[in-house]
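# Working through the structure, step by step
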Amino acid sequence: MKQRIKIFFDMDGVLVDFAAGAVIALNEALTSGNMTSKNLRRLINYDGPDREEVTVEFLEKITEKKDAKLPRTQWEKRVTNAMFSIVGAGGHPYWSSLPTNVGHDQLVNAADDLVGLTNVYVCTAPVEDKTGGCESGKRAWIDAHTLIPAENVFVTGDKGSIAAQFPGDVCILVDDRLKYCQAWEAAGGIAIRHVPPASLESVNRTISQLQLIVKSQVK
């Protein structure tokens, strides 16, 4: 039965500390006065009353609002636009060097123990990058920080389509974004939301959920 259960991990927010990398890049742009793009100029020159410090918690709050389709402040919109201008131009070096997230190795090791490494996958959405550096950087990161086989790495914004590729298997996705969890379940998979912010508590909670789901599938 183990061969029929596959575990898929999202990268940004689960294995990778995307928010920490983005905060560093944004604050470097603000400090240096980087005016190389329209979005950066609009961010640096903004002096509205809603302006606040760019932190990991602040970025996570913006993502929650965006996914829930809640209104965002002008500052939040400008930070989002500037962030994607930076990461979209970062290329392979940016994506391959992002910091690891809390407990990334514990998650992968737990999945390996439960279903075997050949049944552990990555399913991550890319950021638009004309050079293709986002995908190659993400693949390089997985190769450097995990033992997940290269052929088990899917880079796509249509995550539900990956679950649909394995109709005879039980496909479990661990993702921090609610919209991707919903798309995965709509395609017939099982999703675990790795609720941000990342912590050892959230890692242990996700591992417990994985264990319960796998156990329930073993008849």
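Owing to the predicted nature of the structure, the values given are computational and were not obtained by experimental measurement. (Residues numbered from 1 in each chain as written. Predicted model: local features only at pLDDT ≥ 70, side-chain atom pairs only at ≥ 80, totals over all residues. Heavy atoms only, no water.)

## Observations concerning the pattern of salt bridges
Any two side chains of opposite charge can pair if their charged atoms end up close together. Spelled out, the test is: Criterion for a salt bridge: a side-chain nitrogen of Lys or Arg within 4 Å of a carboxyl oxygen of Asp or Glu. Numbered from the N terminus, helices here are DSSP runs of H or I no shorter than four residues, and strands are runs of E no shorter than two. Categorising residues by exposure relies on relative accessible area from a 1.4 Å probe, with only protein chains included: less than 20% of the type maximum marks a residue as buried, more than 50% marks it as exposed, and the intermediate range marks it as partly exposed.
For the structure shown, the criterion picks out 11 salt bridges. Note that Asp-10 is salt-bridged to Lys-159, the shortest N-O span being 3.1 Å. Taken together, the residues Asp-10 in the loop between strand S1 (5–9) and helix H1 (18–32) and Lys-159 in helix H7 (residues 159–163) connect sequence positions 149 residues apart. On the accessibility criterion, Asp-10 (4% relative accessible area) is buried. Among the residues examined, Lys-159 registers a relative accessible area of 1% and is labelled buried. We note a salt bridge from Arg-205 to Glu-201, for which the minimum N-O separation is 3.4 Å. One end of the pair is Arg-205 and the other is Glu-201, both in helix H9 (residues 200–217) and four residues apart, which spans about a single turn. Where salt bridges share partners, they join Glu-52, Lys-61, Lys-65 and Glu-76 into one cluster.

## Some remarks on the side chain of Asp-12
We count it as follows: Under the rule applied, a polar contact is a pair of N or O atoms within 3.5 Å (in protein, one hydrogen donor and one hydrogen acceptor; residues adjacent in sequence only if both atoms are side-chain atoms).
Along the chain, the position of Asp-12 falls in the loop between S1 and H1. At 2.8 Å, the side chain of Asp-12 forms a polar contact with the side chain of Lys-138.

## Quick look at H9
How we decide: To estimate the expected span of a helix, subtract one from its residue number and multiply by 1.5 Å. The directions considered for the arc run from the helix axis to the C-beta atoms. Note on definitions: a residue-residue contact is assigned when non-hydrogen atoms from the two residues lie within 4.5 Å.
Its 18 residues place the ends of H9 26 Å apart at the C-alpha level, agreeing with the 26 Å of an ideal helix rising 1.5 Å per residue. Among the residues of H9, those classed as buried are Ser-202, Val-203, Thr-206, Ile-207, Leu-210, Ile-213 and Val-214. Along H9, the residues classed as buried sweep out an arc of 135° about the axis, all on the same side. Projecting away from the buried face of H9 at angles above 90 degrees are the exposed residues Leu-200, Glu-201, Leu-212 and Lys-215. Turning to H9, the residues buried within the fold contact S1, helix H5 (104–115), strand S4 (170–175) and strand S5 (190–193).

## A word on the pairing of S4
This is how it is decided: Each pair of strands is called paired provided DSSP finds at least two bridges between the two strands. Here the term right-handed applies to a crossover when the path leading from its first strand over the helix to its second strand runs clockwise, the strands being oriented away from the viewer.
The buried fraction of S4 amounts to six of the six residues, a majority that puts the element mostly inside the structure. Judged by which residues are buried, S4 turns out to be covered on both faces: Val-170, Ile-172 and Val-174 on one side and Cys-171, Leu-173 and Asp-175 on the other are all buried. Pairing analysis gives four bridges linking S4 to S5, with the strands arranged parallel. Looking at S5, one finds that Asp-175 is bridged to Arg-193. Considered for its hand, the β-α-β crossover made up of S4, helix H8 (residues 178–186) and S5 is right-handed.

## Re the packing of H1 against helix H4 (residues 74–96)
Quick note on the threshold: Lines are fitted to the C-alpha atoms to define the axes, a helix being fitted only along its stretch in contact, and any angle between axes, read from their N-to-C directions, falls within 0 to 180 degrees. For classification, angles of less than 35 degrees are called roughly parallel, those exceeding 145 degrees roughly antiparallel, those between 65 and 115 degrees roughly perpendicular, and all remaining angles oblique. When residue character is reported, Ala, Val, Leu, Ile, Met, Phe, Trp, Tyr, Cys and Pro are called nonpolar, Asp, Glu, Lys and Arg charged, and the others, Gly included, polar.
Axis separation between H1 and H4 bottoms out at 10 Å; the angle between their running directions is 105°. It follows from the interaxial angle that H1 and H4 lie roughly perpendicular. Contacts from Phe-18, Gly-21, Ala-22, Ala-25, Leu-26 and Ala-29 of H1 reach H4 at Val-79, Ala-82, Met-83, Ile-86, Val-87, Tyr-94 and Trp-95. Residues belonging to the contact of H1 with H4 are distributed by class as follows: 12 nonpolar, one polar and no charged.

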